[in-house]
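So you can see what is in the structure, the chains are spelled out below.
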Amino acid sequence: MSLKTDPLQAFPELRRLASDIVSEAELQQRLEKAAASGKRLRVKFGIDPTFTDVHVGHAVPIRVLRRFQDLGHLPVLILGDATARLGDPTGRNDQRPALSKEEVEANAATYLEQIGKVLRLDPDLCEIRRNSEWFGQMDFFDGLRLLSEGTIARLLERDDFQNRMAKSLPIHLHELVYPLMQGWDSVQVQADIEIGGNDQLFNLHMGRLLQERHGQRPQVCFTTPLLLGTDGRKMSKSYGNHLPLTAGAEDAFGKIMSLDDPSMEPWFRLATDLSEEQSRARLELHPRQAKVALAKEIVAWLHDSEAADRAAEEFERRFRRRELPSEIPQIRLPAGERPLANLLKEAGLATTTSEARRLVRQGGVKVDGQVEKNEIRPLAVPASGNGPLLQVGKRKIAQVCGEDESDLD
RNA sequence: GGGGAGAUACCGAAGUGGCCAAACGGGACGGACUGUAAAUCCGUUGGCACCGCCUUCAGAGGUUCGAAUCCUCUUCUCCCCA
């Protein structure tokens, strides 16, 4: 494995993706030393497989990992299977549930699959470890010894804890241990560098502390900025402003087009491979054009460039020219007549009939292209062939048709 | 171990016996305007067989014609003292 690192060149590119680096001098030193010795740096990144959707925001530190990988260094991916089973308190006010072994394994598999879109996971290019490997071996005494490495005052310094104390929210004992566990991971894998979101800075520091005490050279802490969601708030599934790596091309395209203008710069920087100059060139276009460029870039990453072009055309057709999409999903339903509201629910365009009624009353529903405000208007689904074409709002659309499949459209 | 405060809808937060399906704010959704951007404006926001009915205010019981509101027990959280 040859190192492609020209440390002087690599550094500014990395710096552009960083929130904090502790310390820049050390990072530079290590890059240079690695280049000189030809020895790869071990770049650690830990994830807790507590949920299944990896989104573009999560991907930011992983993209940095990929940069290091491209430079010839070795990503060390830690699956926090042990920590996940305790529940994941990191930076969340609501606690994640503790998971069973099976759930954790299932999540881990899903994770790796998604991370594969960002990082090359070939065994010689990437090391994958589970922290149960060492935590599973520890007995209670070993655990206590680890605990003795930290002090309460030190642990409580963490931002998240400070905030929760201020708000009188609960902090569980095991949460205090979590930074120590993460730090211990660094000792176990002898990390040279650890990557994390900037809310992880405290935990990364803990790794430095523990490594130093255990005779290792303390790791460089490298944190990435938070990529905000499509509405400018923190990206989170619960806000519905996230872009999952598994998003379909058109869906992803649409979500990016709904970004607010100020978000474009960070998105270009943190979610695409474009250089600073390339990004700037695009940002100088009309905001709409810039956004199209951004959306294409990201869809090409999540899928491929053909999918990106298609999504762009489709978007153009649907939302600029306000035409029907080229492919309309078909919903097969049993034949018979029912009120519009009920049909909407059956077709999956509304979650409840009450919601369907509201949508109709508010003029958000079109039947065969015409706004229909009568929620109890009876609509017939034929035994075969096409029934009514339903549209809800700007995005949801379905062609209702009969169940008899012998009839092809 | 002792004392005090608290648990309300997606979130925050009012409500302390009927006028409560529950104020208000945020979010979300629909509409107008647009660059499906932001900002702004209007509307909606438990369910259903929807002019009516049903299920909600941590959980289980109880008092009452009637409870989110009162009582008892349980679970959870916070604060102070030890």
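Residues numbered from 1 in each chain as written. Chains lettered and ligands numbered in written order. Predicted model: local features only at pLDDT ≥ 70, side-chain atom pairs only at ≥ 80, totals over all residues. Heavy atoms only, no water.

Attention now moves to the overall build of chain A. Helix and strand counts for chain A come out as 18 helices and 13 strands. Across the 409 residues of chain A, 47% fall into the buried class. Long-range pairs, those at least 24 residues apart, make up 70% of the contacts in chain A with a sequence separation of at least 6. In the form shown here, chain A has an accessible surface area of approximately 19900 Å², with 49% of it arising from carbon and sulfur atoms. Charge centroids of chain A, computed over 56 positive and 62 negative side chains, lie 3 Å from each other. (Helix = DSSP H or I, 4+ residues; strand = E, 2+ residues; numbered from the N terminus. Buried < 20%, exposed > 50% of the residue type's maximum accessible area, 1.4 Å probe, protein only. Contact = heavy atoms within 4.5 Å. Areas by Shrake-Rupley, 256 points an atom, 1.4 Å probe, with all protein chains shown as cover. Lys, Arg positive; Asp, Glu negative; His and termini not counted. Charge placed at Lys NZ, Arg CZ, Asp CG, Glu CD.)

When the charged atoms of two side chains lie near each other, side chains of opposite charge can form a pair. The tally for this structure, following the rule as stated, stands at 27 salt bridges. Note that Arg377 is salt-bridged to Glu372, the shortest N-O span being 2.6 Å. The exposure class of Glu372 is buried, given its relative accessible area of 14%. (Salt bridge = Lys/Arg side-chain N within 4 Å of Asp/Glu carboxyl O.)

Near RNA strand B you find 31 residues, and of these Gly254, Asp261, Phe315, Ser354 and Arg358 are the closest. When atoms of RNA strand B within 4 Å of the protein are sorted by moiety, sugar and phosphate together comprise 68%. Between Arg288 and RNA strand B, the recorded distance is 3.1 Å, taken from a side-chain N or O atom to a phosphate oxygen. Interatomic distance of 3.1 Å between a side-chain N/O atom of Thr352 and a phosphate oxygen of RNA strand B. Looking at the surface near RNA strand B, the elements with two or more residues in it are helix 12 (249-257), helix 15 (287-302), helix 16 (305-320) and helix 18 (353-361). No other element matches helix 18, which puts five residues into the surface near RNA strand B. Classifying every residue of the surface near RNA strand B by side-chain character gives eight nonpolar, 11 polar and 12 charged. (Near = heavy atom within 4 Å. Polar contact = N/O pair within 3.5 Å; in protein donor to acceptor, adjacent residues only side chain to side chain. Nonpolar A, V, L, I, M, F, W, Y, C, P; charged D, E, K, R; others polar.)

Within this structure, the stated rule accounts for three aromatic pairs. The interplanar angle of 85 degrees and the centroid separation of 6.0 Å between the aromatic rings of Phe68 and Phe222 together place this pair among those described as edge-to-face. Remark: Phe222 occurs in strand 6 (residues 220-224) and Phe68 occurs in helix 3 (residues 56-70); sequence separation between them is 154 residues. Comparing Phe68 with Phe222, the two get one shared label, buried. Look at Phe253 and Phe315: their rings are 5.5 Å apart centre to centre, the planes differ by 50 degrees, and that puts the pair in the tilted class. In this pair, Phe253 is assigned in helix 12 and Phe315 in helix 16, connecting sequence segments 62 residues apart. Accessibility assignment for this pair places Phe253 and Phe315 in one class, buried. The structure contains a cluster of three or more aromatic residues connected by ring pairs, namely Phe253, Phe315 and Phe319. (Phe/Tyr/Trp six-rings, centres within 6.5 Å; stacked < 30°, edge-to-face > 60°.)

Turning next to empty space enclosed by the protein. Throughout the structure, instances matching the rule amount to two cavities of 30 Å³ or more. One number sums up the size of the second largest cavity: a volume of about 40 Å³. Residue lining of the second largest cavity: Leu17, Val60, Arg63, Val64, Arg67, Arg269, Leu270 and Thr272, and that is the complete set. Take the lining of the second largest cavity: its biggest share by element is four residues, from helix 3. A per-class count over the lining of the second largest cavity returns four nonpolar, one polar and three charged. (1 Å grid on protein atoms, 1.4 Å probe; cavity = no way out; pocket = protein on both sides within 12 Å on 5 of 7 lines; lining within 4 Å. Points joined across faces, edges and corners; volume = space filled by probe spheres on them.)

This paragraph deals with the environment of His303. Structurally, His303 is set in the loop between helix 15 and helix 16. For His303, a relative accessible area of 33% gives the class partly exposed. For His303, the side chain forms a polar contact with the main-chain oxygen of Ala247, separated by 2.8 Å. Within polar-contact distance, the side chain of His303 engages the backbone nitrogen of Ala249 at 3.3 Å.

What follows covers the packing of helix 13 (residues 264-271) against helix 15. One way to put it is that helix 13 packs onto helix 15 with a least axis distance of 11 Å and a crossing angle of 25 degrees. As far as their axial angle goes, helix 15 and helix 13 are roughly parallel. Considering only the axes of helix 13 and helix 15, their crossing is left-handed. On the side of helix 13, the interface is formed by Met264, Trp267, Phe268 and Ala271, while helix 15 contributes Pro287, Ala290, Lys291, Ala293, Leu294, Ile298 and Trp301. (Axes fitted to C-alpha atoms, helices over the stretch in contact; angles between N-to-C directions. Parallel < 35°, antiparallel > 145°, perpendicular 65-115°, else oblique. Left-handed = near helix turned anticlockwise from the far one by under 90°.)

One widely used convention gives an interface's size as the accessible area the parts lose upon coming together. For chain A, the assigned domains read domain 1 (7-224), domain 2 (247-320) and domain 3 (330-402). Between the C-alpha centres of domain 1 and domain 3 the distance comes to 49 Å. (Domains from an automatic or database assignment.)

In this section: the environment of Glu26. Along the chain, Glu26 falls in helix 2 (residues 24-37). Each C-alpha atom of the pair Glu26 and Ile376 lies 70 Å from the other, and the pair is 350 residues apart in sequence. Once residues within four sequence positions are removed from consideration, Glu26 is found in contact with Arg208, Pro218 and Val220.

This part is about the sheet that holds strand 13 (residues 396-402). Hydrogen bonding along the main chain pairs the strands of a sheet, whether they run parallel or antiparallel. The five strands lie next to each other as 7-13-12-9-10, forming an open sheet whose pairing is mixed. At either end of the open sheet lies a strand with only one pairing partner, and these are strand 7 (330-333) and strand 10 (370-371). Inspection of the sheet shows strand 9 (residues 365-367) paired to strand 12 (residues 386-392) by three bridges, in the antiparallel sense. The partner of Val367 across the bridge, within strand 12, is Leu390. (Pairing = 2+ DSSP bridges.)

The terminal C-alpha atoms of helix 5 (residues 101-115) lie 21 Å apart, and with 15 residues this matches the ideal 21 Å at 1.5 Å per residue to within 8%. Among the residues of helix 5, those classed as buried are Val104, Asn107, Ala108, Tyr111, Leu112, Gln114 and Ile115. Viewed end-on, helix 5 has its buried residues packed into an arc of 155 degrees, placing them on one side of the element. Counted as exposed and oriented over 90 degrees from the buried face of helix 5: Glu102 and Glu113. (Expected span 1.5 Å × (residues − 1). Arc of directions from axis to C-beta.)

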